[in-house]
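Tertiary structure, described
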Amino acid sequence: MDLPVLYIVIPCYNEEEVLPITAPEFLEELEFLKSEKLISDKSRIMFVNDGSRDKTWEIIKDLSSKNEAYTGICLSRNRGHQNALLGGLMEAKDLADITISIDCDGQDDIKAMTEMVKQYHEGCEVVYGVRSKRETDTFMKRFTAESFYKLMKIMGAEVVFNHADYRLVSSKVLKEFSNFKEVNIFLRGMIPLVGFKSTSVYYERHERIAGESHYPLSKMLALAFDGITSLSIKPIRIITGSGVVVSLLSFIMIIYMIVGYFLGNTIQGWVSTSSIICFLCGVQILSLGVIGEYVGKIYLETKARPRYIISERTGLSSKQSEEDL
Ligand code: UDP
Ligand code: MG
């Protein structure tokens, strides 16, 4: 059996301080995997420069001129972590059999790649890197990050708990994933939608080697909001639900007020005014929810996601192999 070609895809944004330290560590792991006969000699490291304003791209070019194992692509401007990663993965899917995406700041344990590749050899097409501990993170970072996963779950966007974007994905999965045409992307929630056999590998998260996090609270909230709205229409359901509840409550209120009116313990004009307010409140929220349901359907339809994905064929030649003939 041919050894699989691995591409390690690494998004970088203003990482001039970090890159010179971590790049050799990635190379060391790549060489180790080659020497263990787990991956092919054609395996590479692919940096994605996400429109950095510092010397990041110069460093990447310099690395690749010195060692052919280093490659890089440069985005025309800063598009954010998720888009940079997608760009790298889409570039790598035609060159590699497997990809591993990882941040360039050395926070995720590079050594966990060995286990990921082994899991691929065991037949898994997707291997999620999951943080077992977050002791090195500040209380605030840990709290916000864990609330993030909980909020996502409540809102109907299923993600692997404590898994960021450190994962192995085979090119087979990436080719199917390229049929997900949506513009708002949230990779860690979308990869599980593709399916195929998957597993998790656990590792400890370290501190950032140098530089600062590019994910302050505001960006994290934006990511959570994107994640929820791009994966689920549950927020709309919540509006519809609250419309039903408000309608019911206002109905009870109206009965209560009418009873009060006949018992004579209300002032003039109160019952009629309040009844109208209660009634309209309920009707309005409910109507909003109903309109929202349609908007939600339109939203999901416009994504034109594939309705099913065939994972394997037997006795039938796939389109690809027909073309090869
Ligand atoms: N990153 C990127 N584009 C951005 C922001 C970040 O490509 O606009 C990269 C960054 O270089 C790093 C990874 O995404 O490799 C994760 O960012 P960071 O370490 O700042 O986030 P944190 O680990 O604190 O969540
Ligand atoms: Mg980081």
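Above this text you will find the structure in question.
We now turn to the structure provided with this report. Residues take numbers from 1 onward in each chain, read along the sequence in its written order. All chains are assigned letters beginning at A, and all ligands numbers beginning at 1, according to the order in which they are written. Given that this is a predicted model, residues contribute local features only at a pLDDT of at least 70 and side-chain atom pairs are listed and counted only at 80 or more, while totals for whole chains, interfaces and linings are drawn from all residues. The basis for every side-chain value is the complete set of heavy atoms in the structure, and neither hydrogens nor water enter the calculation.

**Thoughts on the coordination of the magnesium ion (ligand 2)**
Test applied: With water omitted from the atoms examined, metal sites may look incomplete; donors here are N, O and S atoms no farther than 2.8 Å from the metal, or 3.2 Å in the case of Na, K and Ca. Think of it in three bands: residues with accessible area under 20% of the maximum for their type are buried, residues over 50% are exposed, and the middle band is partly exposed, with areas taken using a 1.4 Å probe on protein chains only.
Protein coordination at the magnesium ion (ligand 2): the donors are D105 (OD) and Q107 (OE1), at 1.9 to 2.0 Å from the metal. Across this residue pair, the class does not change: D105 and Q107 are buried.

**Description of the nonpolar core**
Our working definition: Definition of nonpolar core: a set of buried residues of the types Ala, Val, Leu, Ile, Met, Phe, Trp, Tyr and Cys, connected through side-chain atoms within 4.5 Å. Counting from the N terminus, the helices are the DSSP runs of H or I reaching at least four residues and the strands are the DSSP runs of E reaching at least two. The contact definition used throughout considers only heavy atoms, calling two residues in contact when any of these lie within 4.5 Å.
F148, M152, F177 and F186 are the most contacted members of the largest nonpolar core, which has 39 residues in total. Where this core is concerned, the elements lending two or more residues are β1 (6-12), β2 (44-49), α3 (81-92), β5 (126-133), α5 (139-154), α6 (171-177), α7 (187-194) and α8 (217-231). By residue number, the principal contributor to this core is α8, which donates 5 residues. Sequence-distant contacts of F148, that is, excluding residues within four places in its chain, are made with F186, R188, M220, L223 and A224. Of all hydrophobic cores here, the second largest spans 35 residues; its members include L6, I110, C124 and V201.

**Points about the site of ligand 1**
Just so we agree on the cut-off: Neighbouring residues are identified by heavy atoms, a residue being near a molecule or strand if any of them is within 4 Å of it. The term polar contact refers here to a pair of N or O atoms within 3.5 Å; inside protein, the definition further demands a hydrogen-donor-capable atom paired with an acceptor-capable atom, and it admits residues adjacent in sequence only when both atoms are side-chain atoms. For the accessible areas, the method is Shrake-Rupley and the probe is 1.4 Å, while residue cover comes only from the protein chains on display. Each residue gets one of three labels, nonpolar for Ala, Val, Leu, Ile, Met, Phe, Trp, Tyr, Cys and Pro, charged for Asp, Glu, Lys and Arg, and polar for the others, Gly among them.
Around ligand 1 lies a shell of 19 residues, among which E15, D50, D105, S213 and H214 are the nearest. Measuring from an oxygen atom of ligand 1, one finds a side-chain N or O atom of E15 at 2.6 Å. A distance of 2.5 Å separates an oxygen atom of ligand 1 from a polar side-chain atom of D105. Protein chains shield 95% of the accessible area of ligand 1, which is 530 Å² for the free molecule. Partitioned by chemical class, the residues of the shell around ligand 1 number 5 nonpolar, 6 polar and 8 charged.

**Considering the sheet that holds strand β7 (residues 198-204)**
Heads up, the rule is: Two strands pair under a simple rule: DSSP has to find at least two bridges between them. Angles shown run from 0 to 180 degrees and are taken between the N-to-C directions of axes, each axis being a line fitted to C-alpha atoms and, for helices, limited to the stretch in contact.
As summarised here, the arrangement of the 7 strands in space is β3-β2-β1-β4-β6-β5-β7, forming an open sheet in which the pairing is mixed. Two strands close off the open sheet at either side, each with one partner strand: β3 (70-74) and β7. Neighbour-to-neighbour, the strand axes of this sheet turn through a mean angle of 25°, independent of strand direction. Inspection of the sheet shows β2 paired to β3 by 5 bridges, in the parallel sense. Residue pairing across strands places V48 opposite I73, the latter belonging to β3.

**Topic: the state of the cysteines**
Our working definition: Only a pair of cysteine sulfur atoms within 2.5 Å qualifies as a disulfide here.
Applying the stated rule across the entire model yields 0 disulfides. Residue C281 stays outside any disulfide, its sulfur separated by 6.8 Å from that of C278, the closest cysteine.

**With respect to helix α4 (residues 112-121)**
If you check which residues of α4 are buried, you get A112, M113, T114, M116, V117 and Q119. G123 occupies a position one or two residues after α4 and carries a positive phi of about 110°.

**Quick look at the pattern of salt bridges**
Selection rule: Every case where a carboxyl oxygen of Asp or Glu lies within 4 Å of a side-chain nitrogen of Lys or Arg is listed as a salt bridge.
What the rule picks out here adds up to 8 salt bridges. Salt-bridge contacts for E29 lead to K111; the nearest nitrogen and oxygen are separated by 3.7 Å. Remark: K111 occurs in the loop between β4 (98-101) and α4 and E29 occurs in helix α1 (residues 19-35); sequence separation between them is 82 residues. Classification of E29 by relative accessible area gives buried; the value is 1%. K66 is the salt-bridge partner of D62, the closest N and O atoms lying 2.9 Å from each other. Pair noted here: D62 and K66 are both in helix α2 (residues 56-66), with a separation of 4 residues, about one helical turn.

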